[in-house]
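Results of the structural survey
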Amino acid sequence: MSKKARRVALCLLLALWGGWVFYSSRLRVRAFMGEDAPDAAVIATVTVLIALFCAWRRWRSGNASPFHVLAPWKIFLCVLAFVGTTLWAIPEAWVQLTAKETVRSEIIFRLTYPGPSSGRNHHCEAGLRVDDAWLHRLVEICTHTHKVPSDASTVQIEKRIAARGAVFVRYRFVSAAGIPYGWEYL
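Residues numbered from 1 in each chain as written. Predicted model: local features only at pLDDT ≥ 70, side-chain atom pairs only at ≥ 80, totals over all residues. Heavy atoms only, no water.

Description of the pairing of strand E5 (residues 152–161)
Each regular strand carries side chains that alternate between the two faces of the sheet. Of all the ten residues making up E5, eight are buried; the element is thus mostly covered by neighbouring parts of the structure. For strand E2 (residues 101–112) and E5, the ladder comprises eight bridges, and the chain directions are antiparallel. Within E5, the residue paired with Arg104 across the bridge is Glu158. In terms of strand pairing, E5 meets strand E6 (residues 165–175) through nine bridges, oriented antiparallel. Residue pairing for E6: Ala152 is matched across the bridge by Ser175. Taking the residues between adjacent antiparallel strands as the criterion, E5 and E6 are bridged by three residues. (Buried < 20%, exposed > 50% of the residue type's maximum accessible area, 1.4 Å probe, protein only. Helix = DSSP H or I, 4+ residues; strand = E, 2+ residues; numbered from the N terminus. Pairing = 2+ DSSP bridges.)

Here it is as structure tokens:
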């Protein structure tokens, strides 16, 4: 393979990886795992094992130079960061792909200020916090203060469910008199 073809292949792989990281950062807003899902521990274990294997291979290559003593640890940390970033959102992506059944539930909500993180240095204006019975955990969804009616007492949430979690599709507030407001999409 020529150098030019290798560069093109590397750039294509980096672009695909960057697209995956961007897509997976958007999953946090809509897809939520159940409380009993052990996926974080499994992914952390796999990530550490892959990083240890790469560091072991570097150590076995036998660079005798004293300047390369830390090379296995550098490899370990770099592979740990890269593989961890790549694998961390796979459970949420799997939930998004496999969630088929649509369920609606009406739940009492609380507002939190500021809302959940929506990026590296940004938080939502407000967080719509609900105790989800299907997931058996608290879920916080981004919202805005001007979207919350003053007489709202509950929120109706529509989600698609899968075996390990749920994808929240939309929500609407319901007044104390039982009158629903318009849907807000996530």
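Section: the packing of aromatic side chains
What the rule picks out here adds up to seven aromatic pairs. Their ring planes at 45 degrees and their centres at 6.0 Å tell us that Trp20 and Tyr23 sit as a pair that is tilted. Of this pair, Trp20 and Tyr23 both sit in helix H1 (residues 3–30), three residues apart, roughly one helical turn. Given the relative accessible area of 36%, Tyr23 is considered partly exposed. Residues Phe53 and Trp56 carry aromatic rings whose centres are separated by 6.1 Å and whose planes lie at 35 degrees to one another, so their mutual orientation is tilted. Of this pair, Phe53 and Trp56 both sit in helix H2 (residues 39–60), three residues apart, which is roughly one turn of that helix. An aromatic cluster is present here, built from Phe109, Tyr171 and Phe173 joined pairwise through their rings. In this arrangement the basic side chain of Arg170 is found over the ring face of Trp183, its NZ or CZ atom lying 4.0 Å from the centre. (Phe/Tyr/Trp six-rings, centres within 6.5 Å; stacked < 30°, edge-to-face > 60°. Lys NZ or Arg CZ within 6 Å of the ring centre and 35° of its normal.)

These values are about where atoms sit, not about what they do.
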